[in-house]
Every structure is written in structure tokens, then in C-alpha cells.
Amino acid sequence: QVQLVESGGGLVQAGGSLRLSCAASGRTFSSYAMGWFRQAPGKEREFVAAISWSGTNTYYADSVKGRFTISRDNAKNTVYLQMNSLKPEDTAVYYCAADTTFYYSDYVGSQLYEYDYWGQGTQVTVSS
């Protein structure tokens, strides 16, 4: 059983920054690829960013490249999403997710079905 708890969301003006955190339970966190997804009202949940179990490989949605950075601190069982240059269209509930499959290839995925555990989400609102 893996539990994920997001934090760090809030209200920020356009152009501002936020750092989201996702704290994970379990001593095997270091073997999990981790992802961030977001969902705006009336829209499908979409991929934002992901990081492989080793932290070496990262993958970003085109909409956030150059603005968002995903990182992890395995000693703290935590994954982060640094969000800079925020835009109103970034407004959504942000979810972290864990892929518990161990990949020798250091694979990182962008599909919802690849992830096994999800947090409850944290609201990010960007005002214009």
C-alpha cells in the first residue's frame, strides 16, 4: 500500500511560482517512477511531468517545458514540482502518482494507466 499526499498548492498571480510537494509512504519509494498530472474543471486529467526511479530521466508535457521542473529526494520520500512563469491555463487540481513497476531501463511513462497510486490532489489557481 502506497499513500501519496500533495501539498503546496494555492493562489498565485500570473508569472509567479509555486512548488508542489508529494510525500510518499513506504521504504521502496526509491524504486518508483513518479508523475504529476493535472485536471481542470470539465477537462480530462492530463500528464504534466514525470521522473524515473533513478531521477536520471525526466519527461514533460510540451505545455510546461521550460517552466516546470520535476525532482525527487528519495531520502525524504518526496517528489517536487517547481512551477515557474505560471499562466492562468495552469489552473487545475494537481495530482501526484506512483508507478510501482521497477524498470531496469529507467523508463518513465506519461499515461494515466501506467500509474498505480494517486494522491488526492492540491488546487493550483493562477490569476490574471
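This write-up is about the structure you can find in this document. Remember, it's a predicted structure, so these values are computed and weren't measured experimentally.

So, the sheet that holds strand β7 (residues 68-73)
And step 1. Pairing is antiparallel across the open sheet formed by 4 strands, whose spatial order is β1-β3-β8-β7. Each edge of the sheet is formed by a strand with only one pairing partner; in this case those strands are β1 (4-7) and β7. Sheet twist, expressed as the mean angle between neighbouring strand axes with direction ignored, is 15°.
And step 2. Note: strand β3 (residues 18-24) against strand β8 (residues 78-83), 6 bridges, orientation antiparallel. For S21, the partnering residue across the bridge sits in β8 and is Y80.

Focus on unusual backbone geometry
And step 1. The phi dihedral of N77 falls on the positive side, at around 50°, and the residue is not glycine.
And step 2. By the element assignment, N77 lies in the loop between β7 and β8.
And step 3. Positive phi is not limited to glycine here, since S85 has a value of about 50°.
And step 4. Inspection of the secondary structure assignment puts S85 in the loop between β8 and β9 (92-99).

Reading guide: rules and limits
Residues numbered from 1 in each chain as written. Predicted model: local features only at pLDDT ≥ 70, side-chain atom pairs only at ≥ 80, totals over all residues. Heavy atoms only, no water. Pairing = 2+ DSSP bridges. Helix = DSSP H or I, 4+ residues; strand = E, 2+ residues; numbered from the N terminus. Axes fitted to C-alpha atoms, helices over the stretch in contact; angles between N-to-C directions.

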